[in-house]
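Structural overview
Okay, here's what each chain looks like letter by letter:
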Amino acid sequence: MTERRPDRLAVALRRMLGAHPRQVEDPRAHAPLEVGSRLDALEREVGEVRTRVNALFFAVISVAIGDLVVRAVHP
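Residues numbered from 1 in each chain as written. Predicted model: local features only at pLDDT ≥ 70, side-chain atom pairs only at ≥ 80, totals over all residues. Heavy atoms only, no water.

1. Section: the overall build of the chain
Counting its regular elements, the chain contains two helices and two strands. Reading the chain from its N end, one meets helices and strands in the order α-β-β-α. Taking all 75 residues of the chain together, the buried fraction comes to 5%. When the accessible surface of the chain is summed, it comes to about 7,100 Å², and 63% of that surface belongs to carbon and sulfur atoms. (Helix = DSSP H or I, 4+ residues; strand = E, 2+ residues; numbered from the N terminus. Buried < 20%, exposed > 50% of the residue type's maximum accessible area, 1.4 Å probe, protein only. Areas by Shrake-Rupley, 256 points an atom, 1.4 Å probe, with all protein chains shown as cover.)

Here it is as structure tokens:
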């Protein structure tokens, strides 16, 4: 099985925030939120965006290879 590498962005953000979670006021909900929970949500969203970008990249590459094959077979 492949070993999961730590996310460099998440590690850097956690180092910047320090070890102590602080309370942050969310202007939309007017409720205090823990920075750690917001960071976890951000990590999930970044992971989702990364997955979508990878899927788009492979789709574009597949279309380019298909176009190349069609041009090679039907001159």
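2. Brief notes about the pattern of salt bridges
What the rule picks out here adds up to two salt bridges. Its salt-bridge partner being Arg52, residue Glu48 comes within 2.8 Å of it at the nearest N-O pair. Separated by four residues within a single helix, Glu48 and Arg52 lie in helix α2 (residues 35-73), roughly one turn from each other. A residue is classified by how much of its surface remains accessible, and Glu48, at 42% relative accessible area, is partly exposed. For Arg52, a relative accessible area of 58% gives the class exposed. Of the charged contacts, one joins Arg71 and Asp67 as a salt bridge, the two residues approaching to 3.0 Å between their closest N and O atoms. Taken together, the residues Arg71 and Asp67, both in helix α2 and four residues apart, mark about one turn of the helix. Residue classification places Asp67 among the partly exposed residues on the basis of a relative accessible area of 37%. (Salt bridge = Lys/Arg side-chain N within 4 Å of Asp/Glu carboxyl O.)

3. Quick look at the confidence of the model for the chain
When pLDDT is averaged across the chain, the result is 78; 69% of the residues are at 70 or more. The element-level mean pLDDT for the chain is lowest in strand β1 (residues 23-26), coming to 51, with α2 highest at 91. (pLDDT = per-residue confidence, 0-100.)

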